[in-house]
Amino acid sequence: MSQDSALLTPVTLGALSLPNRAIMAPLTRCRATVPGNVPNEMMRTYYRQRAGAGLIISEATQVVPEGQGYPATPGIHSDEQQAGWEMITRAVHDEGGRIVLQLWHVGRVSHSDFQPGGKLPVAPSAIAIDGEGYVPSGEKKPFETPRALETEEIPELVEAYARATERALAAGFDGVEVHAANGYLIDEFLRDGTNKRTDRYGGTLENRMRLLREVLAAVIRVAGAERTGVRISPLQPFNGMHDSDPWGTFSYVVRELNPFGLAYLHIAGMGEDAPGDAGPAFDLAELVPLFEGPVIRNYQYDQARAERDIEAGRAAAVAFGVPFIANPDLVERFRLDAPLNEPDTSTFYGGGEKGYIDYPTLDQA
Ligand SMILES: Cc1cc2nc3c(=O)[nH]c(=O)nc-3n(C[C@H](O)[C@H](O)[C@H](O)COP(=O)(O)O)c2cc1C
């Protein structure tokens, strides 16, 4: 397989030249140093070990303290965090890799225990998620009913993405990915199950996409479109997400992204196999031809399916999540048709070196 592998050929995503098309998906691992949510040396080792990826997309990283929703996730809003990330980007570059930062605000997935001053988390509308979410101790509490953002607050929120992008570039990142997926703040504005606003940020498709447009414009002002990507997850039901017409919403969003000239669009699964009710399903591959730039696909790919989708033009590149957790040398294993390590799900979120930086490479096995 490796001789005629499409996955292992180079590709260009905007200003990013990748030696292969196997991308490390963004993976929250909850191991930043607390207090401060500062990237640390253990994280440096983890990312350096994975520098063989065509591109590393960092774990989701809160742009403001209010954007945090899980314990020990790193931020990009303080000098200490910026310095921590700088140490990491340098290590990845020294190993010959490339890394972009995923810009994150969790919206209603947060809890007042994370919020400065113990205030309520914010969202497009005051609608709670059913069930329980994390608090800083790592325990779970019922999700709270968030406070709907005032129209006048939104420009400041948008500027926070621009400031975070400035810090990301100063820390040496090759670019940024705007996290508009998985039921976090921007996704909450896009889908009509969570956005019941009556101002210019709700109602019509144009209005629901306005926050994403404004965030992209602000980020692009700092990084340039050729170093900016965006991630969406049209059929992802997690975090209580639903849309009455996911195809209508996301075919519109994807077409409307074209004028931005982004480095890439990243479409994350699920597909028709989604366990919850995200709304009427469709084949995510149908979105690919609507986008005029390169598309990264993701969700439960193995090498064979990645090769097929790239060859068929259904993806320019494929992001691997869990396979990169368990296989720091994933690309090398693809090249050699070597077996993969089994992931240990009990160490995905939080903890120390175990299940984080101790997965063996082929050489070590
Ligand atoms: C431990 C873990 C952490 C994740 N963290 C993030 C994240 O920070 N940002 C994001 O967009 N997706 C996140 N995801 C979703 C992954 O990026 C990816 O979409 C998912 O794992 C499916 O791809 P895979 O089958 O290749 O693992 C996470 C998934 C896992 C398992």
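What this report covers is the structure whose coordinates are included nearby. Model, not experiment: these values are computed from the prediction. (Residues numbered from 1 in each chain as written. Predicted model: local features only at pLDDT ≥ 70, side-chain atom pairs only at ≥ 80, totals over all residues. Heavy atoms only, no water.)

1. Some words on the packing of helix α3 (residues 154–170) against helix α6 (residues 210–223)
If you want to describe how two helices pack, look at the angle between their axes and the distance between the axes. Between α3 and α6, the shortest axis-to-axis distance is 8 Å and the interhelical angle comes to 35 degrees. In the crossing of α3 with α6, the sense of the turn from one axis to the other is right-handed. Residue-level inspection shows Ile154, Leu157, Val158, Glu159, Tyr161, Ala162, Thr165, Glu166 and Leu169 of α3 in contact with α6, the latter providing Leu211, Glu214, Val215, Ala218, Val219, Arg221, Val222 and Ala223. The residue inventory of the contact of α3 with α6, partitioned by class, reads 12 nonpolar, one polar and four charged. (Axes fitted to C-alpha atoms, helices over the stretch in contact; angles between N-to-C directions. Helix = DSSP H or I, 4+ residues; strand = E, 2+ residues; numbered from the N terminus. Left-handed = near helix turned anticlockwise from the far one by under 90°. Contact = heavy atoms within 4.5 Å. Nonpolar A, V, L, I, M, F, W, Y, C, P; charged D, E, K, R; others polar.)

2. Remarks on the site of the ligand
Around the ligand, 18 residues are found, and the nearest of them are Thr28, Arg231, Asn298, Gln300 and Val322. At a separation of 2.6 Å, an oxygen atom of the ligand approaches a polar side-chain atom of Thr28. Backbone polar atom of Val322 to an oxygen atom of the ligand: 2.8 Å apart, as the coordinates give it. Considered on its own, the ligand offers 610 Å² of accessible surface; in the complex 86% of this is hidden by protein. Per-class residue counts for the shell around the ligand are 10 nonpolar, seven polar and one charged. (Near = heavy atom within 4 Å. Polar contact = N/O pair within 3.5 Å; in protein donor to acceptor, adjacent residues only side chain to side chain. Areas by Shrake-Rupley, 256 points an atom, 1.4 Å probe, with all protein chains shown as cover.)

3. Observations regarding the nonpolar core
Core analysis: the largest hydrophobic core is formed by 86 residues, its most contacted members being Leu103, Leu211, Leu212, Leu257 and Phe320. A total of eight residues in this core trace back to one element, the largest contributor, which is α3. Ignoring sequence-local partners within four residues, the contact set of Leu257 consists of Met209, Leu212, Leu216, Val230, Leu262, Leu265 and Phe291. Formed by 14 residues, the second largest nonpolar core is a distinct cluster that contains Val11, Ile23, Leu55 and Ile57. (Core = buried A, V, L, I, M, F, W, Y, C linked by side-chain atoms within 4.5 Å. Buried < 20%, exposed > 50% of the residue type's maximum accessible area, 1.4 Å probe, protein only.)

4. Considering the packing of aromatic side chains
The full count for this structure, using the stated rule, is 11 aromatic pairs. Ring centres of Tyr46 and Tyr47 lie 4.9 Å apart, and the angle between their planes is 70 degrees; this geometry places the pair in the edge-to-face category. Of the residues examined, Tyr46 reaches a relative accessible area of 0% and is grouped as buried. For the ring pair Tyr47 and Trp85, a centre distance of 6.1 Å and an interplane angle of 55 degrees mean the geometry is tilted. Pair noted here: Tyr47 is in helix α1 (residues 41–49) and Trp85 is in helix α2 (residues 79–94), with a separation of 38 residues, a long-range link. For the pair Tyr47 and Trp85, a shared accessibility class is recorded, and that class is buried. These aromatic residues form a ring-pair network of at least three members: Tyr46, Tyr47, Trp85, Phe173 and Tyr356. Above the ring of Tyr301, the side-chain terminus of Arg305 is found at 3.6 Å from the ring centroid. (Phe/Tyr/Trp six-rings, centres within 6.5 Å; stacked < 30°, edge-to-face > 60°. Lys NZ or Arg CZ within 6 Å of the ring centre and 35° of its normal.)

5. A closer look at the environment of Glu206
Turning to its location among the elements, Glu206 is positioned in helix α5 (residues 205–208). The class of Glu206 is partly exposed, set by a relative accessible area of 45%. Expressed as a C-alpha distance, the spacing of Glu206 and Glu256, which sit 50 residues apart in the sequence, is 9.2 Å. Excluding its chain neighbours within four sequence positions, the residues that come into contact with Glu206 are Arg213 and Tyr252.

6. Examining α3
For α3, built from 17 residues, the straight-helix expectation of 24 Å at 1.5 Å per residue is met to within 8% by its first-to-last C-alpha distance of 25 Å. Of all the positions in α3, only Ile154, Leu157, Val158, Ala160, Tyr161, Ala162, Ala164, Thr165 and Ala168 are classed as buried. The inward-facing, buried residues of α3 contact β5 (99–104), β10 (175–179), α4 (185–190) and α6. Gly172 sits one or two residues past α3 and shows a positive phi near 95 degrees. (Expected span 1.5 Å × (residues − 1).)

Spatial relationships are all this shows, so hold off on functional conclusions.
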